[in-house]
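Listed below are the residues making up each chain.
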Amino acid sequence: MKNRLKTKTKLKTIEEGTEEETSSGLAKMVVIALVVVFLGLFSQGILAENTVPDVTKTGGNNMSATTTKTGNIRVVENHINNTNNHDQDQEDHSSSSSQPSDADASSSSTASSSTSFSIYFDYLREAQTQWIETLLYKDYGQEAFEKIFLDDDSLSSSSSKNKAFLKLKSFRSVSDNYQEAKDDMSTLRLRRKLKIKLLQHDLFQNATFVWVTGGHSAAAGHGNLYNESYTAFLERDLRQVLESSLGLPLEVRNFAMGGSGSGPELGLCVEQIYGRDVDLLSWDFGMTDVYSPVRLLLYAIRGNLLPNHPPIFALYAEGEHRVDLLKEFENMSASAFYLPDETRKKQLHGIPEVNLDNFGDMKDLPPMINSFKCPEGIEKGDLGCDDAKYSKGLCDNRAGKASWHPGFKMHALDGHTIALFVVQELMHAAEELAVQLDGYDSEGTTKETTAAAVKMEPIDLLNSLVAEEQKDFETFQNADLPELAYHVHEWHKCSKKFSEEEKELEKECASDADFESLVKTFSKGPGLCHTARLPSESRYKGYLVNDITKVGGPVPVGKETYATGVPMDENNMEYDGKLKLVFRPDQRKSDCPVTVSPDYKDFFYGHQKDDWAKIVVPNEAEKVAYEYKASEFQGLIGIAFLTCPWNRCPQGFVGTKRDFDQSKFEITVNGVAVTSLMLFHDLGTYFLKSSDGFQFKYREGSEDYEIAIRILEEGSHVEVSSFILY
C-alpha cells in the first residue's frame, strides 16, 4: 500500500510488567513465561490455553500463521510492521467466502483478548490525522478542506487530544430530523454494530468490514474511470485508515447499475446482488426513483433482512417524503442516515470559485479544487471547469460523459464525506469499548460509573451486544409495515398514470385478503433471485451458473473470469430449449486497459425457435450458498423482464403483460399453466398466477421450480433479467 502509515507502537500490553532487567537471560525468559501464564489464567478464569484461530485459514488477514496469539495487540503490531500487506491493484475484487454474521461470530466462548481498547482509539486517531494531513490537505489545502468538510465550530469543539472528534458536514441520522426523537436510535445501533465488528476482529481475526454502494449510473461513476467513482475514493480512504491502524480487512463494492431504480427488482434481490455479508449499504437512486418512494422502503426493509442488518446510507434522498419513510423504517428497530441537501450546499459553498479576477492564480490551487467551481456552477463554465470535469490521458473517449453525471472531483468529495463519517463513528465505537472494558475514555479519564462493566470479558460484551441486535431484529420482524408498503397494489391497479385500456388489462389482482399476505411476504419473507444482473455477488461467485470455479469481479472488457454467457447473435444462437445467459456485445465495446463501467444488463434469452425454453430455480450452488429450504418459501414466482430504454424495444421483443394477454407468449411453472401476471409496482416485474392462485408447489425430490416460456409469435424472443422466488 503506497500510503502505508508508520504508526508508532505504543502498546499497553501485559508484557509491560516484564521489562525489569535481570542478570540472566534464562531468568528473564522464565519470569516472562510465568507472568504471561498467570495473567492469562487470571483474565480467563480457566486452566486451559486459549489461542486465536490461525488467521491464514480464515481468509481474513494476510499474515503468517505464526502470528496467532491470545489477544489481537500482537496482530496489530505485526500488521503495522508488514508493509507488504494489502498492496491491492485497482482492478482486484475479493472472491473470499462470505464472512460470518454478527450472531455467528460471537458464538465461541474460547476466544480471549488482552487488548486495551483505548489503543484501538489511539491507532484510529493517529491514522485519521495522518490521512487528513498527508492526503486530504494535499488534495484540497488545509483551509479549503476545513471549509468543505468541517462545520465552522469544529476545531474549537474538537477533543483536546489531537482533535480526535470533528464536527463534520456529513450524514445525519433520521432521528435528528425529528424534534420528538428522545434518542438517536440509528446512531446507537450503528455504533453497536461497529463495536461488534471491532470485538469480532480482536477476538477471532476473521472479521471483514464490508461497504456496498447501490445506485444508478452517477453512483456507478459513468463518464469516469471505475477507480474514479466515489466508492473507489471511499475504499482508498478506509483502507488507509482501517487496515494500517487496526489490521481490519476491508471490502468495498461498487455495485451501482446504470439506468436502474432501487426497486422492485433490486429491492427484491438485495441478497443475491449485494451479498450476504454487508455491514453498511448505501442508496443512491434519487434520480431514477422519481415519484416512487415505495422503492426506497422496499430496498431498506429487504436490506435489513441480511445477516448483519446493515444501516442504510441514503444520498440525494430528500424530497418525496423519503426521509419520513426512513424514519418509519427506523421506528421498526432499524438504522438509517441521509445526506441533507443543505449540508451538500454548505460543502459546495466552501469550494473556492474560479472567476475572471483570480483566473491567473487558480493554476496554483491544490488539484481537487482547481477548476472545480466556476460562476456557472460546479464542473461548469468556460473558465476551465467544464473542461476539467473528467480526467484526461487514459481512455478519453469513454462513454457516459453526460451533463447529469458528476466528474471525478465531485466523486472524490462524496467518497471523502462518507469515509470521514465512517471513521468518526468507528472512533466513537472504540472509545465506548475503552470505557466499557478498560474503564477510561480517550482522554485517559477514569469513568467510575463503568466499574461493573470493566469486569466484563470482551467475549461477554460481544455476546451481549449481539443479543441486543438480535432483539432489535426480532422487533423489526414483528413490526407493522408502513402504510406506503401496501401502495404497491394500489398504484398498479388504480394509478391515474395508467390509461383506461391499461387499467382494464391490469384488473386481475389479488383479493384483498391475499394481497396483505403477499405484501408481507415480499417485504419480510425469505426470497431468492436467479439474476443475470451485473454487478452481483451471485454472478461473481459462480452461483448463478452453478459453477463456483467461475469467479471474478469488475475488470476491463475481455479480462472477465466469471461466466459471461454467450453473445447476443440470433444468427449464431443455439436454440436448445434452454433459457440462456446472454450479453450484448455492444455493451462491452471497449479497448481501455483499465476498468471503466462494468455494470451490464445481461439477461436470460428464449426464442420462438426454442419452443419451450426452460430454466430451473434455484440451482444446486444457490441452494448451498443461500441455505435454501423449500419449506420456508411460499412458492411465489416472479419474473423481471428486461425493460427497454426509453420504451424503445428491439424488433421481436415480447415481455409485457399486454404481450401475455395477447397470447404472444405463455408460461408454465412445473407444468402448471400461468393464467395471468400481476405487476409488482412497476418496471416490468410481475408475479405469476395460475387458476389456483399465486402459490406454486415445488418439485418433490429436487425441491425446485422449472419455469418454461414459449414464444408464440413468429421470430420473437423474450429477455428476462431475473427470476424471483418467494
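Heads up: the structure comes first, above all this text.
Residues numbered from 1 in each chain as written. Predicted model: local features only at pLDDT ≥ 70, side-chain atom pairs only at ≥ 80, totals over all residues. Heavy atoms only, no water.

(A) Layout of unusual backbone geometry. With an omega dihedral of -5 degrees, the bond running from Gly 263 to Pro 264 counts as a cis peptide bond. With respect to the helices, strands and loops of the structure, Pro 264 is situated in the loop between strand 3 (250-254) and helix 9 (265-268). Here the bond from Leu 534 into Pro 535 is cis, since omega is 0 degrees, no more than 30 degrees from zero. Topologically, Pro 535 is positioned in the loop between strand 9 (528-531) and helix 20 (537-540). Positive phi, normally seen in glycine, also occurs at Ser 333, with a value near 85 degrees. (Helix = DSSP H or I, 4+ residues; strand = E, 2+ residues; numbered from the N terminus.)

(B) Up close: the state of the cysteines. All told, the structure shown has 3 disulfides when counted by the stated rule. The disulfide bridge from Cys 374 ends at Cys 385, spanning 2.1 Å between sulfur atoms. The S-S bond linking Cys 374 to Cys 385 shows a torsion near 85 degrees; that makes this disulfide right-handed. Taken as a pair, Cys 374 in strand 7 (residues 373-374) and Cys 385 in the loop between strand 8 (377-378) and helix 14 (408-438) lie far apart in primary sequence, 11 residues in all. Residue Cys 385 is classed as buried on the basis of its relative accessible area of 1%. (Disulfide = S-S within 2.5 Å. Buried < 20%, exposed > 50% of the residue type's maximum accessible area, 1.4 Å probe, protein only.)

(C) How the structure looks around the packing of aromatic side chains. A full pass over the atoms with the stated rule returns 28 aromatic pairs. On the numbers, 4.2 Å between centres and 35 degrees between planes, the contact of Phe 522 with Phe 687 is tilted. With a gap of 165 residues between them, Phe 522 in helix 19 (residues 512-524) and Phe 687 in strand 19 (residues 685-689) connect regions that are remote in the sequence. Relative accessible area serves as the criterion here: at 2%, Phe 522 is assigned to the buried category. In this structure Phe 687 comes out as buried when scored by relative accessible area, which is 2%. Seen in terms of ring centroids, Phe 660 and Phe 665 are 5.5 Å apart; in terms of plane orientation they differ by 65 degrees. Their pairing is edge-to-face. On the accessibility criterion, Phe 665 (1% relative accessible area) is buried. When the ring centre of Phe 476 is taken as origin, the NZ or CZ atom of Lys 524, which lies over that ring, is 5.4 Å away. Directly above the ring of Tyr 698 sits Lys 697, whose terminal nitrogen or CZ lies 4.1 Å from the centroid. (Phe/Tyr/Trp six-rings, centres within 6.5 Å; stacked < 30°, edge-to-face > 60°. Lys NZ or Arg CZ within 6 Å of the ring centre and 35° of its normal.)

(D) Broad picture of the pairing of strand 20 (residues 705-711). Where burial is concerned, most of strand 20 is hidden: 5 out of the 7 residues are buried. Bridge count for strand 13 (residues 612-617) against strand 20 is 6 bridges, and the pairing is antiparallel. Paired with Trp 612 across the strands is Arg 710, a residue of strand 20. (Pairing = 2+ DSSP bridges.)

(E) Quick look at the sheet that holds strand 2 (residues 209-215). Strand order in the open sheet made by the 6 strands is 1-6-5-4-2-3, with mixed pairing throughout. At either margin of the open sheet sits one strand with a lone partner, and together these are strand 1 (172-173) and strand 3. In this structure, strand 5 (residues 312-314) lies alongside strand 6 (residues 336-338), joined through 3 bridges in parallel fashion. Bridge pairing links Ile 312 to Ala 336 in strand 6. Docked against the sheet, helix 6 (residues 185-204) engages strand 1, strand 2, strand 4 (280-284), strand 5 and strand 6, running at close to 110 degrees with respect to strand 6. Here helix 8 (residues 230-246) sits on the sheet in contact with strand 2, strand 3 and strand 4, set at roughly 175 degrees to strand 3. (Contact = heavy atoms within 4.5 Å. Axes fitted to C-alpha atoms, helices over the stretch in contact; angles between N-to-C directions.)

(F) The sheet that holds strand 17 (residues 672-673), seen in detail. Judged by pairing direction, the sheet is antiparallel, and its 4 strands sit side by side in the order 13-20-16-17 without closing on themselves. Here the strands that pair on one side only, and so sit at the sheet edges, are strand 13 and strand 17. For strand 16 (residues 665-669) and strand 20, the ladder comprises 5 bridges, and the chain directions are antiparallel. By the bridge assignment for strand 20, Ile 667 is matched with Ile 709.

(G) Representation of the packing of helix 6 against helix 16 (residues 458-478). Helix 16 packs onto helix 6 with a crossing angle of 140 degrees between their chain directions and a minimal axis gap of 10 Å. In terms of their interaxial angle, helix 6 and helix 16 are classed as oblique. Both helix 6 and helix 16 take part in a crossing whose hand is left-handed. Residue-level contacts link Arg 189, Arg 192, Lys 193, Lys 195, Ile 196, Leu 199, Gln 200, Leu 203 and Phe 204 of helix 6 to Pro 458, Ile 459, Leu 461, Leu 462, Leu 465, Val 466, Glu 468, Glu 469 and Asp 472 of helix 16. Tallied by class, residues from the contact of helix 6 with helix 16 come to 10 nonpolar, 1 polar and 7 charged. (Parallel < 35°, antiparallel > 145°, perpendicular 65-115°, else oblique. Left-handed = near helix turned anticlockwise from the far one by under 90°. Nonpolar A, V, L, I, M, F, W, Y, C, P; charged D, E, K, R; others polar.)

(H) Geometry of the environment of Leu 246. By the secondary structure assignment, Leu 246 is in helix 8. Once the C-alpha coordinates of Leu 246 and Asp 202 are considered, the two residues, 44 residues apart in sequence, prove to be 9.3 Å apart.

(I) Here's a closer look at the pattern of salt bridges. All told, the structure shown has 40 salt bridges when counted by the stated rule. Between Glu 516 and Lys 520 there is a salt bridge, and its shortest N-O distance comes to 3.4 Å. Linking Glu 516 with Lys 520, this pair stays in helix 19, spanning 4 residues, or about one helical turn. In this structure, a network of salt bridges that share partners links the residues Glu 251, Arg 253, Asp 277, Glu 537 and Lys 541. (Salt bridge = Lys/Arg side-chain N within 4 Å of Asp/Glu carboxyl O.)

(J) Here's a closer look at the pairing of strand 9. Both faces of strand 9 are covered, namely the face carrying Leu 528 and His 530 and the face carrying Cys 529 and Thr 531. Relative to strand 21 (residues 717-725), strand 9 runs antiparallel, the two sharing 4 bridges. Note that in strand 21 the partner of Cys 529 across the bridge is Ile 724.

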